[in-house]
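Reading the structure
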Amino acid sequence: MTMTPPLPLAFEADDDFIEPARPAARRTRQATVRWGARVVTVGGDAPVRLQSMTNTDTVDAVGTAIQVKALAQAGSELVRITVNTPEAAAAVPYLREQLDRMGIDVPLIGDFHYNGHRLLADHPACAEALSKYRINPGNVGKGDKHDRQFAQMIEIAARHDKPVRIGVNWGSLDAELLAQMMDDNARRAEPQPPQQVMYRALIASALGSARRAEDIGLRGEQIILSCKMSGVQDLVSVYRALARRCDYALHLGLTEAGMATKGTVASTAALALLLQEGIGDTIRVSLTPQPGEPRTQEVVIAAEILQSLGLRAFNPSVTACPGCGRTTSTTFQELAQQIDSHLRTQMPVWKVRYPGVETLKVAVMGCIVNGPGESKHADIGISLPGTGEAPAAPVFIDGEKALTLRGANIAQEFHALVERYIEQRFGGPATVLFDSPPKAS
Ligand code: SF4
């Protein structure tokens, strides 16, 4: 008879330390984007910033102002708008004025392609109303016009003291640079695969343009770089290489991520991998909205990515189990959804009234298997009765069982308990939490 060998000890010694995972720190130069008294720093010791882009016609200044306001209120700290025609450039100061009147001081970024040099030169009020310019070196003109028109934009940025993002995109990569690099590669004794040349061309375009901008007079601190691609592994490869080669602040995003689940998952996968390595100082999720879906969804997802990685806290988090054969009713799903949407809806008011409320953790669990354990890890949690369990829902507050809810109004009563917890914990001087619970078991 053979004996099963004993399992090896999991730990060599009692003091074996399991390193907690956390995003790496990477220090870049810090850009400052400002509008009036509002200052948004990007890079350096600043938190990773959220940004978004409108999809309205900028000529429609009122419609664009409404969307910018929605994006800003959803948490976007910078909002980019398209500036593609003289009419759009002329509308920018009016748009800025509308926003200022609404009390929305989010800095605006102008997105320029092909004619940015002319629009900025012909519309100085637009150049002034924008807080930052996005310049795509692949779209600033061909031949000898390229350097001249690029220089014109940089000179205007320097004159108005505006930072720029040099935003390279593989869909509009500088064709002349790529062709030159492909030719050089073909002449090598051992040519690199085309993918390598593409990666190098993206980085060369970004870094070459940044150096040219510095030569023209922009400070390094006024430059943010991006090299966007639509493939997750491509993006990770290029940003890792870019981050090793410079200390400019980096704008991170998966371009043309797509719609719905695909766009959300692909963006999350790409951004999470890089952010965990400390790469990325500002992010945008380029989600194609589904019909009827608000534009703000891209901000919600970007915020969730940063919050899930522990980089920032924007909203209280609701932990909910997925449900299984032990939850044959939808009660717990509905409660989790109600609590989550109530917390999000209240946040614009609560973040002023209850400082720190964004760190709150709520758990809504479906049964006794993981319900009490997960609820104890939350600030306040409820374990609903699964199929066949007694109709009682223990509530845990700060890791301790505080009371049990029963009857038809569990949802409303838990809602009230969460509100009361927030008020007592975040609403001012510390008080005794739940000295008179509404319904104790
Ligand atoms: S906590 Fe209970 S209901 Fe929720 S997934 Fe686990 S076993 Fe299923």
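Residues numbered from 1 in each chain as written. Predicted model: local features only at pLDDT ≥ 70, side-chain atom pairs only at ≥ 80, totals over all residues. Heavy atoms only, no water.

What follows concerns a positive patch on the surface. There is a patch of like positive charges on the surface, built from Arg188, Arg200, Arg244 and Arg245. Along the chain, Arg200 falls in helix α7 (residues 194-216). (Patch = residues over 30% accessible without salt bridge, like charges linked within 9 Å, V, L, I, M, F, W, Y side chains within 5 Å. Areas by Shrake-Rupley, 256 points an atom, 1.4 Å probe, with all protein chains shown as cover. Salt bridge = Lys/Arg side-chain N within 4 Å of Asp/Glu carboxyl O. Lys, Arg positive; Asp, Glu negative; His and termini not counted. Charge placed at Lys NZ, Arg CZ, Asp CG, Glu CD. Helix = DSSP H or I, 4+ residues; strand = E, 2+ residues; numbered from the N terminus.)

Okay, empty space enclosed by the protein next. As enumerated under the stated definition, the model contains 1 cavity of 30 Å³ or more in all. Within this model, the largest cavity holds a volume of roughly 30 Å³. The class makeup of the residues in the lining of the largest cavity is 4 nonpolar, 6 polar and no charged. (1 Å grid on protein atoms, 1.4 Å probe; cavity = no way out; pocket = protein on both sides within 12 Å on 5 of 7 lines; lining within 4 Å. Points joined across faces, edges and corners; volume = space filled by probe spheres on them. Nonpolar A, V, L, I, M, F, W, Y, C, P; charged D, E, K, R; others polar.)

Glancing now at the site of the ligand. Cys321, Pro322, Gly323, Cys324, Arg326, Thr327, Met365, Gly366, Cys367, Val369 and Asn370 make up every residue found near the ligand. Here the residues of the shell around the ligand sort into 6 nonpolar, 4 polar and 1 charged. (Near = heavy atom within 4 Å.)

Turning next to helix α10 (residues 297-308). For α10, with 12 residues, the first-to-last C-alpha span of 16 Å sits near the 16 Å given by 1.5 Å per residue. For α10, every residue scored as buried is listed here: Glu298, Val299, Ile301, Ala302, Ala303, Ile305, Leu306 and Gln307. On its buried face, α10 is in contact with β3 (49-53), α1 (61-74), α9 (260-276), β11 (282-283), β12 (287-288) and β13 (317-320). One or two residues past the end of α10 sits Gly310, with phi positive at roughly 75°. (Expected span 1.5 Å × (residues − 1). Buried < 20%, exposed > 50% of the residue type's maximum accessible area, 1.4 Å probe, protein only. Contact = heavy atoms within 4.5 Å.)

A word on the confidence of the model for the chain. Per-residue confidence for the chain gives a mean pLDDT of 92, with 94% of residues at or over 70. In the model, residues 430-441 has pLDDT below 50 throughout and makes 28 contacts with residues more than four positions away in sequence or in other chains. (pLDDT = per-residue confidence, 0-100.)

Helix-helix packing is described using two parameters, namely the angle between the two axes and the distance between the axes. Between helix α5 (residues 144-159) and α7, the least distance of the axes is 10 Å, while the angle of their chain directions is 60°. Our classification of the angle between α5 and α7 gives oblique. Seen along the crossing, α5 lies across α7 with a hand that is right-handed. Contact residues: His146, Asp147, Phe150, Ala151, Ile154 and Glu155 in α5; Ser209, Arg212, Ala213 and Ile216 in α7. (Axes fitted to C-alpha atoms, helices over the stretch in contact; angles between N-to-C directions. Parallel < 35°, antiparallel > 145°, perpendicular 65-115°, else oblique. Left-handed = near helix turned anticlockwise from the far one by under 90°.)

Here the largest pocket is characterised by a volume of approximately 660 Å³. Lining the largest pocket are 24 residues; nearest its centre among them are Ala72, Gln73, Ala74, Gly75 and Lys351. For the lining of the largest pocket, the secondary-structure elements that each account for two or more residues are α1, α10 and α11 (331-353). The element contributing the most residues to the lining of the largest pocket is α11, with 5 residues. Partitioned by chemical class, the residues of the lining of the largest pocket number 11 nonpolar, 6 polar and 7 charged. In this model, the second largest pocket occupies a volume close to 310 Å³. Around the second largest pocket, the lining is made up of 20 residues, and of these Met53, Arg80, Asp111, Arg134 and Arg284 lie nearest the centre. Residue assignment for the lining of the second largest pocket shows that the elements contributing at least two residues are β4 (78-82), β5 (108-112), β7 (164-169) and β12. Class assignment for the residues of the lining of the second largest pocket results in 4 nonpolar, 8 polar and 8 charged.

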